[in-house]
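# Observations on the model geometry
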Amino acid sequence: MRMVHEKPPTAAATVVPFGREMRLAHFNFAASYTPLNHGSFGAFPSCVRDYQRRLWSETEARPDTFVRFTYPRLLREAREAIAPLLGAETDEVVFVPNALTAINTVLRNLTYKDGDVILYFSTIYDACLKTVQSLEETTAVRGYCIEFIYPVEDDEILDRFRTAIIKIKSQGRSVKLAMFDTVLTFPGVSFPWRDLVPVCKEHGILSCIDGAHGIGHIDLNHLPRVGPDFFISNCYKWLMVPRGCAVLYVPYHNQALIRTTYPTAEGYLPVSHRSAVSQASYFVNLFEKVSTIDTTPYICVIEALKFRDRVCGGEEQVRDYCKNTAREGGELMAAMMGTEVLENRKRTLRDCCFTNVRLPLEVVEGQQEPKRIGQVPAEEAKAVADWITITTVDEFDTFIATRFYAGAFWVRISSQIYLDRADFEWAAKVLLDLCSRVTKRYN
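I will try to describe carefully the structure that is included in this document.

Criteria and thresholds
- Residues numbered from 1 in each chain as written.
- Predicted model: local features only at pLDDT ≥ 70, side-chain atom pairs only at ≥ 80, totals over all residues.
- Heavy atoms only, no water.
- Helix = DSSP H or I, 4+ residues; strand = E, 2+ residues; numbered from the N terminus.
- Rg over C-alpha atoms; globule rule 2.2 N^0.38 Å.
- Buried < 20%, exposed > 50% of the residue type's maximum accessible area, 1.4 Å probe, protein only.
- Contact = heavy atoms within 4.5 Å.
- Salt bridge = Lys/Arg side-chain N within 4 Å of Asp/Glu carboxyl O.
- Phe/Tyr/Trp six-rings, centres within 6.5 Å; stacked < 30°, edge-to-face > 60°.
- Core = buried A, V, L, I, M, F, W, Y, C linked by side-chain atoms within 4.5 Å.
- Pairing = 2+ DSSP bridges.
- Axes fitted to C-alpha atoms, helices over the stretch in contact; angles between N-to-C directions.

## So, the overall build of the protein
Scanning the protein from terminus to terminus reveals 15 helices and twelve strands. Taking 22 Å as the expected radius of gyration for a compact globule of 443 residues, we find that the protein reaches 23 Å, a close match to that expectation. Oriented by its inertia axes, the alpha-carbon framework of the protein measures out at about 75 × 60 × 35 Å. Taken across its 443 residues, the protein has 56% of its residues classed as buried. Residue pairs at least 24 apart in sequence account for 72% of intrachain contacts in the protein once pairs closer than 6 positions are excluded.

And the structure:
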């Protein structure tokens with residue numbers, strides 16, 4: 001059953017409706033599996049899978065021919081294909097295995113002095129936080145976290161950002177770089193990154209955008225107009241490319257800051273030799289071959305974009321369906337469970353392909369005695385959330401990300417073109433069953 005708002009694909013393709021029919025026709029999930037967590041590891045259609053297998057076969061048939069000669073040509077075509085989605089030029093984008101590799105590449109290429117600060121928010125992806133902590137061990141830079149809890153208004157986030165910059169300056173320190181997301185991992189909500197970049201420019205701060213949930217998820221063809229210094233996005237999540245593949249955008253004027261890949265590879269030149277090539281050529285050559293890994297996911301970008309255009313009707317059709325399905329599906333789940341979706345007053349949080357729905361479980365804090373039957377002690381809340389997640393895997397052949405956040409239990413559901421209203425309804429029934437068991441446990 002389709003929900004609403006999807007338009008037919010281009011006439012060149014056989015029309016397959018978004019939803020369950022799309023899942024059965026073009027994806028490779030087990031018949032009993034309900035894929036509700038696209039945002040973690042993504043999924044890609046059969047045509048992309050088959051294309052990747054052909055690339056593997058060509059590689060094994062003529063390893064040197066493919067790796068040395070065919071691959072660089074196809075890599076160039078893949079960069080040419082993906083650059084317009086970012087509004088970028090081809091030589092401003094390169095591929096890396098994942099967003100975390102790109103984050104490390106950017107942060108570890110910068111030089112730091114005493115008093116330098118990396119500014120980030122408490123919603124930072126955990127591995128990115130650990131990258132900052134690692135740099136604190138080996139360089140003079142220090143991290144500074146801006147704390148907040150959702151729901152919160154975008155304006156308040158901006159105010160706290162400005163306040164943090166002023167406070168850091170008053171301490172005689174300087175913000176070297178600010179790192180923030182396009183769409184958060186948990187809760188899965190839209191983040192005001194477009195408004196934060198100008199604040200960075202105003203204060204002479206480098207901006208590094210973790211767009212792990214970016215390309216294929218939100219419209220990014222205006223990226224150069226927003227003007228971040230570095231932008232990173234996984235392709236294997238929302239662009240339907242095999243794992244792992246991410247795109248790193250570095251505008252021409254910042255490419256001199258990227259002196260090496262991680263690990264350093266054959267494209268690296270000592271500074272005394274770099275003047276022999278243009279800065280753009282050096283940047284692109286750095287990333288063409290970084291050790292021997294499976295780079296076929298990079299090339300599969302070409303086939304994934306063909307699928308999204310010819311079968312799905314283009315990027316806008318995919319985004320519109322996923323956002324509307326997330327919105328309507330989340331509201332359906334909240335109505336069935338008698339709870340709510342996570343949103344702020346200005347309703348900016350749900351401008352993405354996630355929905356966050358509160359579970360009908362009550363929590364009692366500290367040493368208080370439960371006032372009602374079935375209340376969960378706060379000290380056991382994390383274990384309960386983990387049990388719900390694991391049980392969705394063990395008993396229901398799905399994965400529903402569940403966390404105890406801001407005093408309540410929340411689930412994050414990913415929308416995608418292979419889901420429809422019936423999948424969200426089924427998820428609500430599963431969660432009602434599990435919440436009933438939790439309540440009985442604490443009777």
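On we go.
## A look at the pattern of salt bridges
Across all of its chains, the model carries 21 salt bridges by this definition. The closest approach of N and O atoms between arginine 23 and aspartate 423, which form a salt bridge, is 3.1 Å. One end of the pair, arginine 23, is in helix 1 (residues 20-26); the other, aspartate 423, is in helix 15 (residues 421-441), with 400 residues separating them in the sequence. You can call arginine 23 buried: its relative accessible area is 7%. Two residues, lysine 382 and aspartate 386, come together in a salt bridge whose shortest N-O distance is 2.8 Å. Of the two residues, lysine 382 and aspartate 386 both sit in helix 14 (residues 381-396), four residues apart, roughly one turn of that helix. Look at the salt bridges and you will find they share partners, linking Arg76, Arg79, Glu80 and Asp91 into a network.

## Structural notes on the environment of phenylalanine 230
Mapped onto the elements, phenylalanine 230 comes out in strand 6 (residues 230-234). A residue is classified by how much of its surface remains accessible, and phenylalanine 230, at 0% relative accessible area, is buried. Taking the C-alpha atoms as reference, phenylalanine 230 lies 19 Å from glutamate 80; in sequence the two are 150 residues apart. Leave out the neighbours within four places in its chain, and phenylalanine 230 touches Val106, Leu206, Ser207, Cys208, Ile209, Tyr249, Val250, Asn254, Leu257 and Ile258.

## As for the packing of aromatic side chains
Following the criterion strictly, the structure yields 17 aromatic pairs and no others. When the centroid spacing of 5.0 Å and the interplanar angle of 70 degrees are considered together, the rings of phenylalanine 27 and tyrosine 418 count as edge-to-face. Of the two residues, phenylalanine 27 sits in the loop between helix 1 and helix 2 (38-41) while tyrosine 418 sits in the loop between strand 12 (408-414) and helix 15, which places them 391 residues apart along the sequence. By the burial criterion, phenylalanine 27 is buried, and tyrosine 418 matches it. Geometrically, the ring pair formed by phenylalanine 95 and tyrosine 298 is stacked, given 5.4 Å between the ring centres and 20 degrees between the ring planes. Remark: tyrosine 298 occurs in helix 11 (residues 296-299) and phenylalanine 95 occurs in strand 1 (residues 93-96); sequence separation between them is 203 residues. Neither residue differs from the other here; phenylalanine 95 and tyrosine 298 are each classed as buried. Here the aromatic residues Phe121, Phe148, Tyr150, Phe161, Phe180 and Phe191 are joined through ring pairs into a cluster of three or more.

## What to know about the nonpolar core
Formed by 116 residues in total, the largest nonpolar core has its most connected members in Tyr150, Phe161, Phe180 and Ile417. When residues in this core are grouped by element, the largest group, eight residues, is from helix 15. Those residues in contact with phenylalanine 180 that sit more than four places away from it in its chain are Phe121, Phe161, Phe191, Trp193, Leu196, Val197, Cys200, Ser207, Cys208, Ile209 and Asp210. If you look at the next biggest cluster of nonpolar residues, it comprises 32 residues, including Val106, Ile124, Ala212 and Val250.

## A look at unusual backbone geometry
The linkage connecting phenylalanine 186 with the following residue, proline 187, adopts the cis geometry, with an omega of -5 degrees. Residue glycine 244 is reached from arginine 243 by a cis peptide bond, and omega for that bond is -10 degrees. Mapped onto the fold, glycine 244 is located in the loop between strand 6 and strand 7 (246-249). In the Ramachandran plot, methionine 240 falls in the positive-phi region, its phi being about 65 degrees despite a non-glycine side chain. The topology assignment puts methionine 240 in the loop between strand 6 and strand 7. A positive phi angle is found at arginine 347, which is not glycine, with a value near 60 degrees. Along the chain, the position of arginine 347 falls in the loop between helix 13 (315-337) and strand 8 (354-358).

## Comments concerning the sheet that holds strand 11 (residues 401-405)
Reading across from one edge, 8-12-11 is the order of the three strands in this open sheet, with antiparallel pairing throughout. Taken across any chain shown, the strands that pair with only one partner, and hence form the sheet edges, are strand 8 and strand 11. Within the sheet, the average angular offset between the axes of one strand and its neighbour, ignoring direction, is 30 degrees. Bridge count for strand 8 against strand 12 is five bridges, and the pairing is antiparallel. Paired with asparagine 356 across the two strands is arginine 412, which belongs to strand 12. Strands strand 8 and strand 12 of the sheet are contacted by helix 13, whose axis makes an angle of about 10 degrees with strand 8.

## Some thoughts on the pairing of strand 7
Judged by which residues are buried, strand 7 turns out to be covered on both faces: Ala246 and Leu248 on one side and Val247 and Tyr249 on the other are all buried. With four bridges connecting them, strand 6 and strand 7 associate as antiparallel partners. Each residue of the ladder has a partner; that of isoleucine 232, found in strand 7, is leucine 248.

## Thoughts on the environment of tyrosine 120
Locating tyrosine 120 in the fold gives a position in strand 2 (residues 116-121). Spatially, the C-alpha atom of tyrosine 120 lies 33 Å from that of valine 393, the residues being 273 residues apart in sequence.

## So, helix 12 (residues 301-310)
Summarising burial for helix 12: seven of the ten residues are buried, a large majority. For helix 12, the full list of buried residues reads Val301, Ile302, Glu303, Ala304, Leu305, Phe307 and Arg308. Looking at the buried residues of helix 12, the elements they touch are helix 1, helix 3 (46-61), helix 4 (63-82), strand 1, helix 11 and helix 13.

Any functional reading would require information that these geometric values do not contain.
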